[in-house]
Amino acid sequence: MDVISALGLVLLVLLVAVCGKSGLTIFFGLVLNFVLLFITVTIFGLGAPPIITTLLVSAVILAVIVFFSAAGNRVTRIAYVVSLTVMMVLCGLAWLIQYFANIQGFGNEVGEDIGGFSLLIGVPFGQIVVAILTLSALGAVAEASIAVTSGLFEVADTVPNITPSQLFADGQVIGGKIIGTALNTLFFGFFGSYLALFIWFVQLKYSPGLLLNDKLFISEAASVLLSTMGVVATVPLSTWVVSWSLRHGKADKKKKEVKE
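Let us look at the structure shown here. Just so it is clear, the structure is predicted and the values come from calculations on it, not from any experiment. (Residues numbered from 1 in each chain as written. Predicted model: local features only at pLDDT ≥ 70, side-chain atom pairs only at ≥ 80, totals over all residues. Heavy atoms only, no water.)

**A short note on the nonpolar core**
In this structure, Ile78, Leu90, Leu133 and Val242 are the most contacted members of the largest nonpolar core, which totals 35 residues. Going through the elements one at a time, helix 4 (73-101), helix 5 (125-158), helix 6 (164-193), helix 7 (195-203) and helix 9 (215-259) are the ones with two or more residues in this core. For this core, the element with the most residues is helix 5, which contributes ten residues. Filtering out sequence-adjacent residues up to four positions away, leucine 133 remains in contact with Ala94, Ile97, Ser219, Ala222, Ser223 and Leu226. Leu36, Val64, Val66 and Ile146 belong to the second-largest nonpolar core, a separate cluster that totals 13 residues. (Core = buried A, V, L, I, M, F, W, Y, C linked by side-chain atoms within 4.5 Å. Buried < 20%, exposed > 50% of the residue type's maximum accessible area, 1.4 Å probe, protein only. Helix = DSSP H or I, 4+ residues; strand = E, 2+ residues; numbered from the N terminus. Contact = heavy atoms within 4.5 Å.)

**Some points on the environment of valine 75**
Along the chain, valine 75 falls in helix 4. Valine 75 sits in the buried class, given a relative accessible area of 6%. Between the C-alpha atom of valine 75 and that of phenylalanine 153, which follows or precedes it by 78 residues, the distance is 7.7 Å. Apart from the residues lying within four places of it in its own chain, the contact partners of valine 75 are Ile146, Thr149, Ser150 and Phe153.

**What to know about helix 2 (residues 21-45)**
Taking 1.5 Å per residue as the helical rise, helix 2 with its 25 residues ought to reach 36 Å, and the 37 Å between its terminal C-alpha atoms agrees with that figure. Taken as a whole, helix 2 has its buried residues at Gly23, Gly29, Asn33, Leu36, Thr40 and Phe44. (Expected span 1.5 Å × (residues − 1).)

**What to know about the packing of helix 2 against helix 3 (residues 50-67)**
Interaxial distance between helix 2 and helix 3 falls to 10 Å at its minimum, and their mutual angle equals 175°. With respect to helix 3, the axis of helix 2 lies roughly antiparallel. Across the interface between the two elements, Gly29, Leu32, Asn33, Leu36, Leu37, Thr40, Ile43 and Phe44 from helix 2 touch Pro50, Thr53, Thr54, Val57, Val60, Ile61, Val64 and Ile65 from helix 3. When its residues are assigned to classes, the contact of helix 2 with helix 3 shows eleven nonpolar, five polar and no charged. (Axes fitted to C-alpha atoms, helices over the stretch in contact; angles between N-to-C directions. Parallel < 35°, antiparallel > 145°, perpendicular 65-115°, else oblique. Nonpolar A, V, L, I, M, F, W, Y, C, P; charged D, E, K, R; others polar.)

**Some details on a nonpolar patch on the surface**
Residues Val31, Phe34, Val35, Phe38 and Ile39 make up a contiguous nonpolar surface patch of about 490 Å² in total accessible area. Relative to the elements of secondary structure, phenylalanine 38 occurs in helix 2. (Patch = residues over 30% accessible without salt bridge, like charges linked within 9 Å, V, L, I, M, F, W, Y side chains within 5 Å. Areas by Shrake-Rupley, 256 points an atom, 1.4 Å probe, with all protein chains shown as cover. Salt bridge = Lys/Arg side-chain N within 4 Å of Asp/Glu carboxyl O.)

**Some remarks on the side chain of serine 243**
Here serine 243 lies in helix 9. Look past the residues within four positions of serine 243 in its chain and what remains in contact with it is Pro164, Leu167 and Phe168.

**Topic: the packing of aromatic side chains**
Counted by the stated rule, this structure contains four aromatic pairs. Relative to phenylalanine 68, the ring of phenylalanine 28 lies with its centre 5.8 Å away and its plane at 25°, an arrangement referred to as stacked. Of this pair, phenylalanine 28 sits in helix 2 while phenylalanine 68 sits in the loop between helix 3 and helix 4, and the two are 40 residues apart along the sequence. Where phenylalanine 67 meets tyrosine 80, the ring centres are 5.4 Å apart and the plane angle is 45°; that geometry is what we call tilted. Of this pair, phenylalanine 67 sits in helix 3 while tyrosine 80 sits in helix 4, and the two are 13 residues apart along the sequence. The exposure class of phenylalanine 67 is partly exposed, given its relative accessible area of 42%. Grouping aromatic residues by their ring pairs yields a cluster made of Trp95, Tyr99 and Phe100. (Phe/Tyr/Trp six-rings, centres within 6.5 Å; stacked < 30°, edge-to-face > 60°.)

Such coordinate-based values are descriptive only and should not be taken to indicate function.
Below, the structure written as C-alpha cells:
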C-alpha cells in the first residue's frame, strides 16, 4: 500500500468515525469528483471546448459536493441553486481576468522542463485558464453556501417568529465568520502550495515588481482572489434566498389555513 492509499484509508476511517454512515457518502462524493476531474482533463485533451465543458462539469461537480453532503434536502436545494448561479458569474469574471491579465500558457520557471516538447497541441490555453480559475472556486463556494444556508435554517427553526430582516442580519453575521475563515484557508493553501517557489524567488532576488508580474504568481493569486469573491458573493445571495423561501413558505401556509 502506497502513501496516498494509506492516507485515503485514514480519511475514510475518520469520516465514518465522525459522520457515521454519511461519512461513506461524503467519501464516495470525493472519489467521484476526482474521477470527474480526470475525465474533464481527458476531454480537454481530445479537443472539447473548455469553457462549455467546464460549465457542464462544474454543474455536476457542484451537485456531487452539495447533495452528497450531510445537509438536509431543503438546505441542499438552495445551496445548489446559489452555488450554480455564483459559478456562472465567476466563469465570466475568470474570462475577464484572463483577457486583461493574459496569464495563459507556462511561466519562465518551467521553460527548461518543457523545452523539448511541442506546444502545438491544439488546446486553447486561454480558455484552459478560465476553466482552471472556475474549477478552483467550486469547493469554497459550495462550502460557504451550505454553511450559511444550514445555519439560517437552524436559526429559523429555533426562532419560528423571526422576521426576514432579522434573519438576513443573522445571515450576515454568520457569513462574516465564514468569509474570514475561508479567506485564511485559501490564502494559506496558496502559500503552502508554492512555498518552494517563493523561496526560489527570494534566492533569485526577485524585485516586488518582477514578482507581481510573474505569470505563475499572478495566476495563483487570481485563483485565490476569484474564490474569495465567490465566497463573499455567496453569503448575501444564500441569505436572501433562504429569507425569500421562508417568507413564501409562511405565506403559503397562511393561505392554506384560510382556505381550510
